[in-house]
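# Analysis of the macromolecular model
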Amino acid sequence: MIKYIGSKRALLDPILSSVRGLLPDGGIVCDLFSGSARVGHALKGQGYRVWSNDHNAYAHTLATAYVQADRNRWADQAAVVLADLASTAPAEGWFTKTFCEDARFFHPANGARIDAMRDRIDAMGLEPELKAIALVSLMEAADRVDSTAGVHMAYMKRWADRALNPLTLRMPDLQPATEAGPCRATQGDALDIAGQFDGDLVYLDPPYNQHSYLGNYHVWESLVLWDKPETYGIANKRVDVRTRKSAFNSRPGIGPALSAVVDAIRAPNLIVSFNDEGYLSRDELERMLSARGHVQVIDIARPRYVGARIGIHNHKGKKVGAVGRLRNVEHLFVVSDRPMALPVAA
Ligand SMILES: C[S@@+](CC[C@H](N)C(=O)[O-])C[C@H]1O[C@@H](n2cnc3c(N)ncnc32)[C@H](O)[C@@H]1O
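Residues numbered from 1 in each chain as written. Predicted model: local features only at pLDDT ≥ 70, side-chain atom pairs only at ≥ 80, totals over all residues. Heavy atoms only, no water.

### Looking at the site of the ligand
Under the convention used in this document: By convention in this text, a residue qualifies as near a molecule or strand provided that one of its non-hydrogen atoms is within 4 Å of it. Two N or O atoms count as a polar contact when they lie within 3.5 Å, although within protein this holds only if one can serve as hydrogen donor and the other as acceptor, and sequence-adjacent residues are included solely when both atoms are side-chain atoms. Charged means Asp, Glu, Lys or Arg here, nonpolar means Ala, Val, Leu, Ile, Met, Phe, Trp, Tyr, Cys or Pro, and polar covers whatever is left, Gly included.
As a matter of local geometry, the ligand sits amid 22 residues, with Y4, S36, D54, D205 and S246 nearest to it. Here an oxygen atom of the ligand sits 2.8 Å away from a polar atom, N or O, in the main chain of K8. Between the ligand and A190 there is a distance of 2.9 Å, counted from a nitrogen atom to a backbone nitrogen or oxygen. Taken together, the residues of the shell around the ligand break down into eight nonpolar, 10 polar and four charged.

In structure tokens form, the structure reads like this:
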């Protein structure tokens, strides 16, 4: 899966055991801020019926492949599509010019592969789930040969070693269909989807600071949408990064936005992820959530993302940000309308 700030890859165990504690016999679960789709993918793997939502197109594509698409339905056709893409001749185009020459996120030899494969995906006229699987395979292949510190805000002064490897596609790790029923992926605002979900549990993992996910991952958005937008700045961000904002990226906005989402949820169980560097404190969150029922908080200490550990550099390779704290604490707020006994994680 792609490198993603805020990905809950390392927190899957406590999240899954908390869901299992609340819903031991299975059930219907909604992930309103799905990001890399790891949580929904893992829940589907445990037999839950999952609805994953995110407002960005690249995240919706990830969830379409990892949550909505069933392996038994698509694996054979996807193998044929990936083999076709692998044999497509490289051809430089918009992506190479924008992200390999004007900006240097990928080596131009890989840019030409990406351009050709992305055009070929459209030319094949694939059904939406199959197209999402092909796009995810391409996105992940590009992510493995990028020349960044993990986000698309800046790129390395010299090519990262991995950027010189040839881009190669792999089959995404799709989940088989669940007996609980079809899973789904949507691209909507969390508040709208919260009001539409009639199920057992909602997982909330909103952004927690000013950094916009669209700004951090604009290359994936442009690759998925393939709308070849006007761009700006050193990183060649799409111009709509300036206008497609999330209330969750604003210090005054996040409290009311999260409170509105929590109020709109009808499910009896909630799990909320937040960390100790976010705009809302543990006490504020506990107060907000206690109106919904019993709240238990699990704290997990984690190393911070790589940029914090190596410092931030500009396009000339000059350090422009200091090395920050090396660890933070991830809080899991587990909320239920009935008392519960959950495992307390490390
Ligand atoms: C902390 S990340 C989620 C990470 C995810 N749990 C994972 O494991 O990868 C927050 C996500 O919320 C999405 N987002 C931000 N504002 C949103 C909104 N108003 N509605 C829906 N999604 C939103 C972002 O695109 C981002 O992917």
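### Points about helix α2 (residues 38-45)
In an α-helix there are 3.6 residues to a turn, and that puts residues three or four apart on one side. Applicable threshold: Classification of residues uses two cut-offs on accessible area relative to the type maximum, computed with a 1.4 Å probe and protein chains only: under 20% is buried, over 50% is exposed, and between them is partly exposed. Where helices and strands are cited, they refer to DSSP runs of H or I of at least four residues and of E of at least two residues respectively, numbered from the N terminus. Any two residues whose heavy atoms approach within 4.5 Å at even a single point are treated as in contact.
Judged by how many residues are buried, α2 sits mostly within the fold: seven of eight residues are covered. Those residues of α2 that are buried lie in contact with α1 (12-22), β1 (28-31), β2 (49-53), α3 (57-68) and β4 (201-204). Downstream of α2 by a residue or two, G47 has a phi angle that is positive, lying close to 95 degrees.

### Side note on the nonpolar core
Using the following cut-off: Definition used in this section: a nonpolar core is a set of buried Ala, Val, Leu, Ile, Met, Phe, Trp, Tyr and Cys residues joined via side-chain atoms within 4.5 Å. The split into domains, and so the bounds of each, comes from an automatic or database assignment of domains.
Y58, L85, F95, F106, L167 and W220 are the most contacted members of the largest nonpolar core, which has 77 residues in total. Formed jointly, this core draws a minimum of three residues from each of two domains, domain 1 (1-68 + 177-207 + 246-346) and domain 2 (71-174). Setting aside chain neighbours within four positions, we find Y58 in contact with Y4, M139, Y213, Y217, W220, E221 and V224. Of all hydrophobic cores here, the second largest spans 30 residues; its members include C30, L258, A267 and L270.

### Concerning the packing of aromatic side chains
Worth spelling out the cut-off: Paired rings are identified among Phe, Tyr and Trp, the last through its six-membered ring, by centres lying within 6.5 Å, and are further divided according to the angle between planes into stacked (under 30 degrees), edge-to-face (over 60) and tilted (the rest). Only when the NZ of Lys or the CZ of Arg is both within 6 Å of the ring centre and within 35 degrees of the ring normal is a charge said to sit over the ring.
Inspection of the entire model under this criterion finds 15 aromatic pairs. Measuring from centroid to centroid gives 6.1 Å for Y4 and Y58, while their planes differ by 65 degrees, and the two rings are edge-to-face. Residue Y4 is located in the segment before α1, and its partner Y58 is located in helix α3; the two are separated by 54 residues in the primary sequence. Take Y58: its relative accessible area is 0%, and that puts it in the buried class. In textbook terms, an aromatic cluster arises when at least three aromatic residues are bridged by ring pairs, as seen for W94, F95, F99, F105, F106, Y155, W220 and W226. R73 extends its terminal NZ or CZ atom over the ring of W74, reaching a point 3.9 Å from the ring centre.

### Overview of the side chain of N328
With respect to the secondary-structure elements, N328 resides in strand β11 (residues 327-336). Owing to a relative accessible area of 6%, N328 belongs among the buried residues under this scheme. Setting aside chain neighbours within four positions, we find N328 in contact with N275, D276, E277, I300, A301, R302 and R304.

### A word on unusual backbone geometry
In this model, A37 sits at a positive phi of 75 degrees, which is unusual for a non-glycine residue. The class for A37 is buried, based on a relative accessible area of 0%. Even without glycine at this site, N236 takes up a positive phi of about 55 degrees. Looking at where N236 falls in the secondary structure, it is placed in the loop between β5 (231-232) and β6 (237-238). By relative accessible area, N236 is classed as buried at 10%.

### Side note on the sheet that holds strand β7 (residues 269-275)
Operational definition: One bridge is not enough; two strands pair if DSSP finds at least two bridges between them. Note on method: axes are straight lines fitted to C-alpha atoms, helices fitted across the in-contact stretch only, with angles between N-to-C directions ranging 0 to 180 degrees.
Read from one edge of the open sheet, seven strands run β3-β2-β1-β4-β7-β11-β8, paired in mixed fashion. Since the sheet does not close on itself, it has two edges, and those belong to β3 (184-186) and β8 (294-303), each with one partner. Going from strand to strand, the sheet's axes swing by 15 degrees on average, the running direction of each strand aside. One ladder, built from three bridges, connects β1 with β4; its direction is parallel. Bridge pairing in β4 links C30 to V202. Packed on one face of the sheet, α2 meets β1, β2 and β4 and runs near 170 degrees to β2.

### As for the pattern of salt bridges
Condition: Only one rule defines a salt bridge in this text: a Lys or Arg side-chain nitrogen within 4 Å of an Asp or Glu carboxyl oxygen.
If you walk through the whole model with that rule in mind, you get 17 salt bridges. Here K97 makes a salt bridge to D102, at a shortest N to O gap of 2.9 Å. For R282, the salt bridge goes to D299, with nearest N and O atoms at 2.5 Å. Separated by 17 residues along the polypeptide, R282 in helix α12 (residues 282-290) and D299 in strand β8 bring together distant segments of the chain. For R282, a relative accessible area of 31% corresponds to the partly exposed category. Classification of D299 as partly exposed rests on a relative accessible area of 30%. One salt-bridge network, in which partners are shared between bridges, spans E221, D227, R238, D240 and R244.

All we've got here are geometric facts, nothing functional implied.
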